[in-house]
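# Tertiary structure, described
Below, each chain spelled out in residue letters.
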Amino acid sequence: MAVTDAQPATTGAAGLIARLRAKLAGGSSEASLTRRLAGTIFVIRVISAGLAYVSQVLLARWMGTSDYGIYVYVWTWVLLLGSMMDFGISASAQKIIPEYRTSGEHALLRGFLSGSRWLTFAVSTLVSLGLVAIVKLLSPWIDPAEVLPLYIGCITLPAFVVANTQDGIARSYDWMQLGLMPQFIIRQALIIGITAGAFVLGYHLGAVAAMVASAAAVWIAMTGQIVVLNRRLADHIEPGPKAYDVRGWLAVSLPILLVESFYLLLSYTDVLVLQQFRPSDEVGVYFAVVKTLALVSFIHYAMSATTAHRFAEYNALGDKARLSAYVAHAINWTFWPSLAATIVLLALGKPLLWLFGPQFTVGYDIMFIAAIGLVVRAAIGPVERLLNMLGQQKICALAYALAFVMNVALCVILVPRFGGHGAAAATSISLSFETVLLFWIVRQRLGLHVLAFGK
């Protein structure tokens, strides 16, 4: 499959817009659709980043660095645990649904679309109750200011998990807006609205109030998503009997869960270790740096979310040439935009950090350290999704596990002495190590070149 892009012979602003449209829409139908869907996801994530940035700036200014640091710490646990408590079904849906549709197994498809959500909701509720008991048991050794926010975080988890599951289902049908907007735009807008209302009414906006607002936003957004997704599925899936292959779902999902879990642990280890060794205000500064660089990771996320189910579909059809060309296309459209975004963010980093408050600009030099790992990782594109969709989940999980262990060890060594600089260095080194491993695995197992340059 050749990917070609026409270049309109126009100049000026109109010509620039025309060339951009041609770049996004031109070429083969698969490449064109991928770029449009990835563009949609990227726009959603950028808008979300803007809303999240506004909310984090407002919270940091309204709450102060200490309360803000506690909120960041608890919310990081919600993001980490909530993303792991769905058994990997949100990711495996992009493999299971295309395979059911390709093979015409409609009863199993109907069973998965409903059963996967009930399964993740039931288990996440039980796990959340267990976490409440753990917080209660450990409360004598936990900072008193963190206990109530942690309880609220436990209440948030079931809704967070179901929203992730529905996101995976929606993306499998190319319904990117339905999958992402409730989590990334509506939820952020609700957090801003609720906290701003509390601030205007004169309530003390500490870590507890911020977590209450976040929990309410997660539950409201997830409930609305359920209603819309059910209506959309009813228009595309004919009524009929349902079959539930829970064992088969878990056989596919659990290895993917290992991959996703180690990736998330790798992503959040720096913040969690930093909280253990450094003051809360330093955690807040580091989190502001991470949020500022988030635009780079959004590009990788957009391509991953768009391409995963197509990797599975082309593999199921046995079309290796089409798959190889599609992989190369995904890698190029991950790396080069990521590199450009990194350069822009580093150039504007200090004024962006100043928005959080003048005291946050001390983290500017940390941005350069953290950016290295993001750029290196972008050089191989969404290959972890490729491995997961092509049955290489276990070896992919092993690569992530090794990178996670390296990250923990480096964080424990570097963070006590160097603080945020050590956390950023540990993460960048670990991401670079992970990139080399994944490149080698894909080369050996699949025979594909997955670097944005060279052969």
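As a reminder, the structure under discussion sits directly above these lines.
Analysis parameters
Residues numbered from 1 in each chain as written. Predicted model: local features only at pLDDT ≥ 70, side-chain atom pairs only at ≥ 80, totals over all residues. Heavy atoms only, no water. Helix = DSSP H or I, 4+ residues; strand = E, 2+ residues; numbered from the N terminus. Expected span 1.5 Å × (residues − 1). Bend = angle between axes of the 7 residues up to and from the residue. 1 Å grid on protein atoms, 1.4 Å probe; cavity = no way out; pocket = protein on both sides within 12 Å on 5 of 7 lines; lining within 4 Å. Points joined across faces, edges and corners; volume = space filled by probe spheres on them.

## Focus: helix 5 (residues 106–138)
Taking 1.5 Å of rise per residue, the 33 residues of helix 5 would be expected to cover 48 Å, and the 47 Å separating its terminal C-alpha atoms lies within 8% of that figure. The principal kink in helix 5, of about 30°, is found at G115.

## Structural notes on the environment of A294
Looking at where A294 falls in the secondary structure, it is placed in helix 11 (residues 294–317). Taking the C-alpha atoms as reference, A294 lies 9.9 Å from Y53; in sequence the two are 241 residues apart.

## Side note on unusual backbone geometry
Its identity is not glycine, yet F87 carries a phi of approximately 65°, on the positive side. Its place among the elements puts F87 in the loop between helix 3 (65–84) and helix 4 (89–103). Phi angles above zero are rare outside glycine, and D174 is one such case at about 65°. Turning to its location among the elements, D174 is positioned in the loop between helix 6 (144–172) and helix 7 (176–200).

## Some words on the layout of surface pockets
Computed from the structure, the largest pocket encloses a volume of approximately 430 Å³. As for the largest pocket, its lining consists of 19 residues, and the residues nearest its centre are L113, S114, R117, N230 and K242. Those elements giving two or more residues to the lining of the largest pocket turn out to be helix 5, helix 6 and helix 8 (207–236).

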